[in-house]
Structures are given as structure tokens and as C-alpha cells.
Amino acid sequence: MKPLQELVRPNIWKLKPYSSARDEYSGSSASVFLDANENPYNTPNNRYPDPLQRDVKKGIGKIKGVPVGNIFLGNGSDEAIDLAYRVFCEPRVDNVVAIDPTYGMYQVCADINEVAYRKVLLDDRFQFKAEDLLAASDERTKLMFLCSPNNPTGNNLCREEIERLLRGFEGIVIVDEAYIDFSEARSFLPDLAKYPNLIVLQTFSKAWGCAAIRLGMAFASEDIIALFNKVKYPYNVNLLTQKQASEMVLRHYEVDRWVKTLKEERAWLEERFRALPCVERIFPSDANFFLARVTDACAVYDYLVSRGVIVRNRNSVALCGNCLRVTVGTRLENEKLLEALEKYK
Ligand SMILES: *Cc1c(COP(=O)(O)O)cnc(C)c1O
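Everything in this summary refers to the structure shown in the same document. Note that the structure is predicted; figures quoted are calculated from it, not measured.

## Details of the pattern of salt bridges
Alright, step 1. Enumeration according to the criterion identifies 24 salt bridges in this entry.
Alright, step 2. Between R22 and E38 there is a salt bridge, with its nearest N and O atoms 3.3 Å apart. With a gap of 16 residues between them, R22 in helix α3 (residues 21-24) and E38 in the loop between α3 and α4 (54-64) connect regions that are remote in the sequence. With respect to class, R22 is no different from E38; both count as buried.

Okay, here's the thing in C-alpha cells:
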């Protein structure tokens, strides 16, 4: 890895961050708070929340086995993705490399930040070669985006290739593990100390059942986390979200149960899908969804909409011609989907 200072935008490296009232006094012995122009009434929503979300991070750190100093929390993973661009990528100068197809936000954030986005097509098994990503990079490549299990394909990326990239790339490698709880593959979290250029993304939106509260996690070296903290909005995670997240940490056994159920349900739904005349192929998935190639994705999609069942039409995505992405629901929801498909045409 290049020295961090060479990877970070010069203005961000020099940035003196906003210092909030809660940054300047964060002790616990005071009882009178007259420092933030808050309204003294309407407890507890009158007070600014902890800018560094320390309680939530302690809970997450225990579950994930990661020290608090290596955790960043944001308004969804999308905040962490955007911050990676704003911290590392000089608009119109730097570029990033990503696999294709993958999660759409990497490109949207690149476009918003005017950073060139270089796509490298996966092979027919939705896998990549580290050397192909390295060949697409140059001295201005700051970030590489990997997503494992990948969205919308559902498969794990080959661990050896990810490791090859972590060792061979001089910039930052972002491994998006939004679906890792559903996967049989090992997370990269235990390897954070081994790879100073690694950022692992996870989220409360999928296995944790908390898409509504908007809470994303980034795990990285203390130096990278400090840069994210410097650039983020001071109170980027609101109090209601912090409270709900802390409660979910205590109820983590529920997440484990949901994951177990959804994996069983996925296997059942895939099995049933194979028997459908309009289904040509189901791609192996390690996530809470799977990709299915059908006879005519647009026709099947429209038909399902007319029956009140919504899946994701991925027909226009690279390598996903005539593919629908199906999220695994409850048994009842899955049965409604199957019932509709059995009556198709
Ligand atoms: C759903 C998803 C996320 C989650 O984004 P949030 O902003 O945390 O809701 C992140 N990455 C991928 C690949 C996803 O599919």
C-alpha cells in the first residue's frame, strides 16, 4: 500500500474538521449542559446525539470481534461508500475500478463525485481475476470495489483473488459484505490488521432487519476510520437510530434466527423454482436472494406486477440478460410468488 497521505486528497489531509459541542466536552460527570444551544425541554430528543455513537459501537464491536477504533457508523452503507470517494478521490483526476455487474451505488457515487469509474466484466461464473482489476488500474486508481456475496448475482467472490488484490493493489480495496450473514464464506473482518488497505462494509439493512433505520458499518484501520470521522457530518447517525441499533445488538439472537430461517427458505424456494416451466436457470446464491434466468424477464416481471408481486428485473444488467433477482420472503410471500409463476402463460 502507498503511504496513506499519498492516497488521501490533499484538502482532506489538511482539513481541520468542525468541532461540535459534544466533541469539545464528552465527559460524563457534568449535569448542566448549556453549550449547544439546545432546548432544555422535550427530553431526550432535545439533545444532540453522540457524534461517535460509542455505545452502539461497543455492542457491535463485541458481536463482530472488532475494536471500537476500527468501526465507522453511517447513514446506511451508502454514506461510507460516498465518504470513500470524498476522502480518497480527487474529482476529474482520480479513478476507481470495480467488478461488473455489482451494486449500483458505487457507480452513482462515482458520477456524483466526478470520479472515473472503470468496470471490469466478471466471467461466466461471476468471478474475477485480481490481475484483470490490476490491469485496469493506473497510478491514479484510488479505490477498488468488490462485493461478496455480490449483488445482483448472489455468489461469493473467490477469496484467493480478493487476497491477491489486497496484497497487489497499492490503493484501497473495499469489500462490501452486506450479505455476509447469509454466506458460508468467511468475513474479512478478522484480517483487518493484516491488510491496512482494506475497508469492509456491512449494514443493518439486510440480516439485521433494519433497513428503515439507515445504519451502515465500515471497518478499517484506525487511520482510515479517523479520516471518515473527520469528513462525516457531525451528527450523521440520529438518536432514534442509535437507540434502535443498541436494542438490536441485545436482541442479536433474533438476527441469527432470521438468518437460519431465510437460508432454509432460500433452499426451498430455489428447489420450487427449478420446477417452473418459465425458469431456465438458477444461479447459486450465498445471500438472501437469488438470480434466476427466465424465458422472458420483462414479460414475467410485468406479469408478476399485475399479480401484485414485485421482484427485481435485472434484464439490462451486464451478464444478467433475462434475469430476475428474487428476494427470499416469508413462506407465505414465497408461496404467493410461486402460485403466480405456476399460472404464468
Ligand atoms: C443492500 C446493500 C447495501 C446496503 O446499503 P444501506 O445503505 O446500508 O442500506 C450495501 N451494499 C450492497 C451490495 C447492498 O446490496
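Read on, since the account is not over.
## Observations regarding the sheet that holds strand β10 (residues 312-313)
Alright, step 1. The strand order across the open sheet formed by 4 strands is β8-β9-β11-β10, and the pairing between neighbours is antiparallel. Because the sheet does not close on itself, it has two edges, and the strands there are β8 (279-282) and β10.
Alright, step 2. Where β10 and strand β11 (residues 323-327) come together, 2 bridges link them in antiparallel fashion. Bridge pairing in β11 places N313 opposite L324.
Alright, step 3. In the packing of helix α11 (residues 252-274) onto the sheet, contacts are made with β8, β9 (289-294) and β11, and the angle to β9 comes to roughly 5°.
Alright, step 4. The sheet contacts of helix α12 (residues 297-306) involve β9, β10 and β11, and relative to β11 the element is tilted by about 40°.

## Side note on the nonpolar core
Alright, step 1. In this structure, I60, F128, L133, L146, F204 and F219 are the most contacted members of the largest nonpolar core, which totals 51 residues.
Alright, step 2. Ignoring anything within four residues of it in the chain, the contact list for F128 reads I99, L122, L133, L146, L157, E161, I162 and L165.
Alright, step 3. With 34 residues, the next largest nonpolar core counts A98, A110, I172 and F228 among its residues.

## Describing the packing of aromatic side chains
Alright, step 1. Under the definition given, this model contains 11 aromatic pairs.
Alright, step 2. With a centroid separation of 5.1 Å and 55° between ring planes, the pair formed by F126 and F283 is classed as tilted. Of this pair, F126 sits in the loop between β3 (116-121) and α7 (130-136) while F283 sits in the loop between β8 and β9, and the two are 157 residues apart along the sequence. For the pair F126 and F283, a shared accessibility class is recorded, and that class is buried.
Alright, step 3. Positioned over the ring face of F188 is R159, at 4.0 Å from the centre of the ring.

## Digging into the pairing of strand β6 (residues 198-203)
Alright, step 1. Of all the 6 residues making up β6, 6 are buried; the element is thus mostly covered by neighbouring parts of the structure.
Alright, step 2. On β6, burial covers both faces: L198, V200 and Q202 on one face and I199, L201 and T203 on the other are all buried.
Alright, step 3. Where strand β5 (residues 172-176) and β6 come together, 4 bridges link them in parallel fashion. In the sheet register, V173 faces β6, and the bridge partner there is L198.
Alright, step 4. Two elements, β6 and strand β7 (residues 216-219), share 4 bridges in a ladder whose sense is antiparallel. Residue Q202 lies in a different strand from β7, and its bridge partner there is M217.

## Some points on the site of the ligand
Alright, step 1. In the vicinity of the ligand there are 14 residues, among which Y179, T203, S205, K206 and R214 approach most closely.
Alright, step 2. Here Y179 contributes a side-chain N or O atom positioned 2.6 Å from an oxygen atom of the ligand.
Alright, step 3. A distance of 3.2 Å is found between an oxygen atom of the ligand and a side-chain nitrogen or oxygen belonging to K206.
Alright, step 4. In the complex, 94% of the free accessible area of the ligand, which totals 390 Å², lies under the protein chains.
Alright, step 5. For the shell around the ligand, a count of residues per class yields 5 nonpolar, 5 polar and 4 charged.

## Considering the side chain of S187
Alright, step 1. Residue position: S187 is located in the loop between β5 and β6.
Alright, step 2. Among the residues examined, S187 registers a relative accessible area of 17% and is labelled buried.
Alright, step 3. Polar contacts involving the side chain of S187 include one to the side chain of E177, which spans 2.8 Å.
Alright, step 4. Within the structure, the side chain of S187 is placed 2.9 Å from the backbone nitrogen of L189, a separation counted as a polar contact.
Alright, step 5. With near-sequence residues (within four places) excluded, S187 lies in contact with R159, E177, I180 and Q202.

Definitions and cut-offs
Residues numbered from 1 in each chain as written. Predicted model: local features only at pLDDT ≥ 70, side-chain atom pairs only at ≥ 80, totals over all residues. Heavy atoms only, no water. Salt bridge = Lys/Arg side-chain N within 4 Å of Asp/Glu carboxyl O. Helix = DSSP H or I, 4+ residues; strand = E, 2+ residues; numbered from the N terminus. Buried < 20%, exposed > 50% of the residue type's maximum accessible area, 1.4 Å probe, protein only. Pairing = 2+ DSSP bridges. Contact = heavy atoms within 4.5 Å. Axes fitted to C-alpha atoms, helices over the stretch in contact; angles between N-to-C directions. Core = buried A, V, L, I, M, F, W, Y, C linked by side-chain atoms within 4.5 Å. Phe/Tyr/Trp six-rings, centres within 6.5 Å; stacked < 30°, edge-to-face > 60°. Lys NZ or Arg CZ within 6 Å of the ring centre and 35° of its normal. Near = heavy atom within 4 Å. Polar contact = N/O pair within 3.5 Å; in protein donor to acceptor, adjacent residues only side chain to side chain. Areas by Shrake-Rupley, 256 points an atom, 1.4 Å probe, with all protein chains shown as cover. Nonpolar A, V, L, I, M, F, W, Y, C, P; charged D, E, K, R; others polar.

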